[in-house]
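# Structural overview for review
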Amino acid sequence: MSWPLTIASLMRWAERHAPDSTIAAVDDDTSEVRRSTYRAAFERVHRLANALRRAGVRAGDRVATVAWNTQPHFELYYAVSCLGAVLHTVNPRLEASQLEYVIRHGGAEIVFVDPLARDLLDRLQPLFPAVRQWITLGRAAAPRWATYEDFIQGHAAEAAWPALDEGAAAALCYTSGTTGEPKGVLYTHRSTVLHALISQSANAMAFTRDDVVLPVVPMYHVMAWGTPYSAVMAGATLVLPGHRAGHAAFLADLIDSAGVTVALGVPTVWLGVLQHLRESGRRLKTLRRVIVGGAACPPALMDALAVEAGITVQHAWGMTELSPLGTFNRNAPGGAASATGKPYSQGQAVFGVELRVVDGDGRERAFDGHAQGRLQVRGPAVCAGYFQSDDRSSFHEGWFDTGDVATIGADGHMRITDRAKDVIKSGGEWISSVELENVASRHPAVLQAAAIAVPNDKWGERPWVVVVRKDGAAVSEQEIRHWFVGKVAHWAEPDRVVFAAALPLTATGKVSKRALRDQYGTALAPDGASHG
Ligand code: AMP
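These notes cover the structure that comes with them. Here the structure is a predicted model, which means the values were calculated and not measured. (Residues numbered from 1 in each chain as written. Predicted model: local features only at pLDDT ≥ 70, side-chain atom pairs only at ≥ 80, totals over all residues. Heavy atoms only, no water.)

### Overview of helix α9 (residues 227-234)
Counting buried positions along α9 yields eight of eight residues, so the element is predominantly enclosed. Among all positions in α9, only Thr227, Pro228, Tyr229, Ser230, Ala231, Val232, Met233 and Ala234 are buried. (Buried < 20%, exposed > 50% of the residue type's maximum accessible area, 1.4 Å probe, protein only. Helix = DSSP H or I, 4+ residues; strand = E, 2+ residues; numbered from the N terminus.)

Here is the structure:
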């Protein structure tokens, strides 16, 4: 049969076959976990859809959200897309000029805003004459703001869903845009459903009805790695942590109280949780598995989570343009697997993602685990272009150039050596910042490390490593520099190791190399008087 792959078909399945599955969402007003069922949540989705229709939302219109992982945000995910409109998720942590650009470029006329971001958007409102309606997801009303509950109040809990083409646009997310303007990636119903199936497969996220899934990864960034769809496709319990997901103690409490079995997030989140576990001496009762991605996860962190906390850590790689999952590593560290080094790679391509690495002339390189080059991908959940943009610079003959540098082994294991713009180019050699960070992170006194290129007259660039020491650990620059000897090529040893209290983060919670380059690449005196 020709049966369209739409988000409505996913919702219909869940309403019929998993109505009693749970959504446990943190209420940001009270910090309580509120439990509800898929049945009750989808009933609200119907009401919301009717309200959106009444508000004049038509097929293809964008509806924006500026919100954390909350139940209303989940409801918007389904109601907006199933109506045939496009859910534009906006990152509340963007700086004001990027926020302005992204909302304006997305073209939404209705914007739903988390109470925590309301003050900021209140100030920015005059910049958006095209927005007809501002709706706060909190309970407290304010001038110029309708509340979400008032908006859906009184609407029927039965919506007539339109028959949609699976190629219709469903959601829109902008890339972090570390250079240039952010670029919009438009997901279709088909790409969203296929991505959920792909990421849900047995060799990848493999959620089941017994799982309690916690996306720490925010719903404003690449659809929380697709979990609001894939967890529902599994009939799993979905736990939505609200806005405090970055606080390790809060997260640990939530994991225990909601009985979370699998959680997903960037390495910095798990570093925080690990520190909290070390300081408090507690163990997480139910958490069996952590899926980590979004940035290279240092092997030392994966090992510590496995050995100290007894958690199966699985490394995944992806990006906004891929919906986002590209590769998944099902070999968790601990035991014999660690000796092979395999658990630390970014894993193997999931079905539906083809990978290749190419040299500077676009020639395909061997899958031998050594030949490195730019990583390119294609597949049914990979974007074909950017939203309302004629920028084709990342698209070559049917392949999308990821901007990552990688090797792929004969067995398909892919290893990211760097982001192309983070590679340290020293005297014609490429030094992997990821490798330097991995080595530094293995030093017992090091909590976190970031390697950056610092301009150098003789070599073009030289590596520096910025280190955050563990609490109370005393270690000198010389000691850490010495740690590298014999562990990396001589010419790759860092010229300097500088200490920082913390590493700067991007709006998506990853370490910001750009901020570090700005800080150390130019601002430092030649004698390097920066050991703070
Ligand atoms: P974004 O589109 O903002 O999610 O960023 C995608 C980028 O994050 C990728 O192109 C990689 O550079 C980086 N990334 C994501 N996952 C990993 C990973 N597991 N290891 C290394 N880099 C990663």
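### Brief notes about the pairing of strand β5 (residues 110-113)
Taking every second residue as pointing to the same face, both faces of β5 are buried, with Ile110 and Phe112 on one and Val111 and Val113 on the other. With four bridges joining them, strand β3 (residues 62-66) and β5 adopt parallel strand pairing. Each bridged residue has a counterpart across the sheet, and for Thr65 the counterpart in β5 is Phe112. Note: β5 against strand β6 (residues 133-136), four bridges, orientation parallel. Of the residues in β6, the one forming a bridge with Val113 is Thr136. The handedness of the β5 to β6 crossover, carried by helix α5 (residues 115-124), is right-handed. (Pairing = 2+ DSSP bridges. Right-handed = clockwise from strand over helix to strand, strands pointing away.)

### Quick word on the site of the ligand
In the neighbourhood of the ligand, 15 residues make up the surrounding shell, with Ala316, Thr320, Asp404, Arg419 and Lys510 lying closest. A distance of 2.7 Å is found between an oxygen atom of the ligand and a side-chain nitrogen or oxygen belonging to Arg419. In isolation the ligand has 500 Å² of accessible area, and contact with the protein removes 91% of it. Counting residues per element, the shell around the ligand draws most heavily on strand β14 (residues 312-318), which supplies four residues. Considered class by class, the residues forming the shell around the ligand number five nonpolar, seven polar and three charged. (Near = heavy atom within 4 Å. Polar contact = N/O pair within 3.5 Å; in protein donor to acceptor, adjacent residues only side chain to side chain. Areas by Shrake-Rupley, 256 points an atom, 1.4 Å probe, with all protein chains shown as cover. Nonpolar A, V, L, I, M, F, W, Y, C, P; charged D, E, K, R; others polar.)

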